[in-house]
Amino acid sequence: MTVLTFANWITEAPNWILSLPKWLQQIFFQLYQVFVYENRWQFFTDGLLTTFIVTIGALIIGIVIGIIVALIRTTHDSMSNKPNFILRILNVLCKIYVTVLRGTPLMVQLLIMGFVIMVPKGSVQTTFCAILTLGINSGAYVAEIARSGIMSINTGQMEAGRSLGLNYTQSMWHIILPQALKNILPALGNELIALLKETSLVTVIALQDVTKAAQVIVSKTYTAVIPYISLAAIYLVLVMILTKLLALLEGRMRKSER
Amino acid sequence: MSDNVIIKTNNLCKFYGESIHALDGVSTEIKKGEVVVIIGPSGSGKSTFLRSLNLLEHPTSGEIYFEGTDITNPKTNINIHRQKMGMVFQQFNLFPHMTVLKNLTLAPQKLLKKSKEDAEKKAMELLERVGLADRAEAYPEQLSGGQKQRVAICRALCMNPEVMLFDEPTSALDPEMVGEVLDVIKSLAESGMTMAIVTHEMGFAREVASRILFMDEGQIIEEGSPSDIFDNPKNPRTRSFLSKVL
């Protein structure tokens, strides 16, 4: 594979380019080199797909783990006068989980999962490894968010449910969780945005996400400006779209109450 | 134990730590069809007592028999018995994310396994009785305090309870809304419902009660018919309390 040079490119460029000032020609050359030449835009789209898959997979795992951990912690705390052995063990495990996962950098967690615990081979395994690591990491943050949401619901709500004869689980499921979920939606939105951006770290386990795509193109073109600025723009646009979607969702959930 | 006793408590105690005795040996009975009104100064343990009856508060010692079953026994499935004890709270505690109708039908559908139609039919009948049938699709937030409390009473009644427990049902209401709630409770009393009511409304207590319990410092100091308590109180503490509130 040969590196495309400006001299080669300009000879085949359309006439309107030739009439542009030199510095603008340079920019068009770099854009061509980064996105068009050898269909390099496909690196970005393929990378984006991986970024989406990892984000969504990690989000689902994170929310599931987070809610389970939050339920264990709040149930334990609400029954402090009746110590239950299994629940106490689970509570301690949850506390350790949250402490460790929040107390170590995600990058380090990825390195440990990628090179010590799972050692994935091939892109499917690596994607799975990334989803799992990010999901487990995110779960620790979602757990604290969900716990604050559950605790924000007035104790009278649980009492009203129990007084009707609903058991603890039924009251939690039908009465507490729906209200808690609505309260934590903005915080969950922040977590989703953070998660999307943190997926850029999966490059350390050699997953071909959109960040890796930019790096590959830098190594092919020996130019860093356009690929990395474009990469930043891609993340920015994604986050702005997400923010907008979350605002719409919040508005709809609030409307259901009025 | 005679058949018409619904709730019987035996030497009920509730201690917080060493020094605070919220309940200090409360023994009494509530018979079928009785309306027992519990009065007393704040901090006297009357709410704690009422909330113990369906185990929202766990007593430190003593027993509570509901329809002959000791519900303080850890082996008793309290959820089954709570279905027959409706409770109305000071702060209403309606479920804000559900419509009025859904508030009323949730428990009957989940616990009595009623169909949606049956549960809604019953709910609408009850709402009709309290004059709120047109608010069935509203959310609690859209109701006034008095309306919320009437809905809360309907929610408890939807489970066809044997006994209704009222924990200061009018204390959180604006004065002009107290009457509408008391009227509902009164008509319920006239229909023969067994009730235990904690209240600060003395006029209402006198009118609706078949028996008054006066509590202070976690104990029942004096009990009797409304005329016994209000016109002829024997205990100096009862007299001193009534002289302040009447």
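Residues numbered from 1 in each chain as written. Chains lettered and ligands numbered in written order. Predicted model: local features only at pLDDT ≥ 70, side-chain atom pairs only at ≥ 80, totals over all residues. Heavy atoms only, no water.

A. Just the side chain of A:T133, in detail. All names here are of chain A. Topologically, T133 is positioned in helix 7 (residues 122-151). Take T133: its relative accessible area is 3%, and that puts it in the buried class. Here C129 takes part through its backbone oxygen, which lies 2.6 Å from a polar atom of the side chain of T133. In this structure, T133 is in contact with Q109, L110 and M113, ignoring residues within four places of it in sequence. (Helix = DSSP H or I, 4+ residues; strand = E, 2+ residues; numbered from the N terminus. Buried < 20%, exposed > 50% of the residue type's maximum accessible area, 1.4 Å probe, protein only. Polar contact = N/O pair within 3.5 Å; in protein donor to acceptor, adjacent residues only side chain to side chain. Contact = heavy atoms within 4.5 Å.)

B. Seen up close, the pattern of salt bridges. The final tally for this structure, using the stated rule, is 18 salt bridges over all chains. A:E144 serves as the salt-bridge partner of A:R147, at 3.5 Å between the closest nitrogen and oxygen. Pair noted here: A:R147 and A:E144 are both in helix 7, with a separation of three residues, about one helical turn. Exposure remark for A:R147: the relative accessible area of 16% places this residue in the buried category. The closest approach of N and O atoms between B:E57 and B:R51, which form a salt bridge, is 3.2 Å. Residue classification places B:E57 among the buried positions, given a relative accessible area of 16%. (Salt bridge = Lys/Arg side-chain N within 4 Å of Asp/Glu carboxyl O.)

C. Structural context of the environment of B:E180. Residue and element names in this part refer to chain B. You can see E180 is positioned in helix 6 (residues 175-190). Taking the C-alpha atoms as reference, E180 lies 15 Å from T199; in sequence the two are 19 residues apart. The contacts of E180, once residues within four sequence positions are left out, are G146, Q147 and R150. A distance of 3.5 Å separates the side chain of E180 from the backbone nitrogen of Q147, its partner in a polar contact.

D. The packing of aromatic side chains, seen in detail. All names here are of chain A. In total, this model carries eight aromatic pairs over all chains according to the counting rule given. Between F6 and F29, the ring centres sit 5.4 Å apart and the planes meet at 85°, which makes this aromatic pair edge-to-face. Of the two residues, F6 is situated in helix 1 (residues 6-12) and F29 in helix 3 (residues 22-36); the sequence distance between them amounts to 23 residues. Their ring planes at 35° and their centres at 5.1 Å tell us that F35 and F44 sit as a pair that is tilted. Looking at F44, the relative accessible area reads 5%, which means it is buried. (Phe/Tyr/Trp six-rings, centres within 6.5 Å; stacked < 30°, edge-to-face > 60°.)

E. Representation of the packing of helix 4 (residues 41-78) of chain A against helix 5 (residues 85-103) of chain A. All names here are of chain A. At a closest axis distance of 9 Å, the pairing of helix 4 and helix 5 adopts a crossing angle of 130°. Considering the angle they form, helix 4 stands oblique to helix 5. In the packing of helix 4 onto helix 5, the handedness of the crossing is left-handed. Residues I65, V69, I72, R73, T75 and H76 of helix 4 touch helix 5, and the partners they reach there are L87, R88, L90, N91, C94, K95, Y97 and V98. Tallied by class, the residues present in the contact of helix 4 with helix 5 amount to eight nonpolar, three polar and three charged. (Axes fitted to C-alpha atoms, helices over the stretch in contact; angles between N-to-C directions. Parallel < 35°, antiparallel > 145°, perpendicular 65-115°, else oblique. Left-handed = near helix turned anticlockwise from the far one by under 90°. Nonpolar A, V, L, I, M, F, W, Y, C, P; charged D, E, K, R; others polar.)

F. Up close: helix 6 (residues 106-117) of chain A. All names here are of chain A. Those residues of helix 6 that sit buried are L106, Q109, L110, M113 and G114. Each buried residue of helix 6 lies within a common arc of 120° when the element is viewed along its axis, so the set occupies one face. Every exposed residue of helix 6 that faces more than 90 degrees away from the buried side is listed here: F115 and V116. Close packing links the buried residues of helix 6 with helix 5, helix 7 and helix 9 (168-198). The first or second residue beyond helix 6 is V119, which carries a positive phi of 45°. (Arc of directions from axis to C-beta.)

G. Examining the sheet that holds strand 8 (residues 194-198) of chain B more closely. Residues and elements named next belong to chain B. Taken together, six strands build an open sheet; the order of strands is 6-7-8-3-9-10 and the sheet is mixed. If you trace the sheet from one side to the other, it starts and ends with strand 6 (85-88) and strand 10 (219-224), each paired once. Neighbouring strand axes in the sheet, compared pairwise and without regard to direction, differ in orientation by 20° on average. Relative to strand 7 (residues 163-167), strand 6 is paired through four bridges, and the arrangement is parallel. (Pairing = 2+ DSSP bridges.)

H. Spatial organisation of the interface of chain B and chain A. Contact residues are listed per partner, giving 25 residues for chain B and 19 residues for chain A. The junction of chain B with chain A conceals about 2000 Å² of combined surface from both sides, 57% of it contributed by carbon and sulfur atoms. For chain B, the biggest contributors to the area lost against chain A are B:F95, B:H97 and B:E141; these three give 23% of the whole. Taken together, the links from chain B to chain A amount to one salt bridge. Put simply, B:R51 and A:E159 hold a salt bridge, and the shortest N to O gap is 2.6 Å. In this assembly, chain B and chain A are joined by six residue pairs in polar contact (both at pLDDT 80 or more). Broken down by element, the side of chain B that touches chain A gets its largest block of residues, four residues, from helix 3 (residues 100-111) of chain B. (Buried area = accessible area lost by both parts, 1.4 Å probe.)

I. A look at the packing of helix 8 (residues 155-163) of chain A against helix 9 of chain A. Residue and element names in this part refer to chain A. The geometry of helix 8 relative to helix 9 is characterised by a closest axis approach of 9 Å and an angle of 140° between their N-to-C directions. Here helix 8 lies oblique to helix 9, going by the angle between them. Crossing angle aside, the handedness with which helix 8 passes helix 9 is right-handed. On helix 9, the residues that touch Q157, M158, G161 and R162 of helix 8 are Y168, S171, M172, I175, I176 and Q179. Classifying every residue of the contact of helix 8 with helix 9 gives five nonpolar, four polar and one charged.

J. View of a nonpolar patch on the surface. Residues and elements named next belong to chain A. A contiguous nonpolar surface patch, about 760 Å² in accessible area, is contributed by F85, I86, I89, L90, V92, L93, I96 and V100. With respect to the element layout, V92 can be found in helix 5. The partly exposed category is assigned to V92, whose relative accessible area is 45%. (Patch = residues over 30% accessible without salt bridge, like charges linked within 9 Å, V, L, I, M, F, W, Y side chains within 5 Å. Areas by Shrake-Rupley, 256 points an atom, 1.4 Å probe, with all protein chains shown as cover.)

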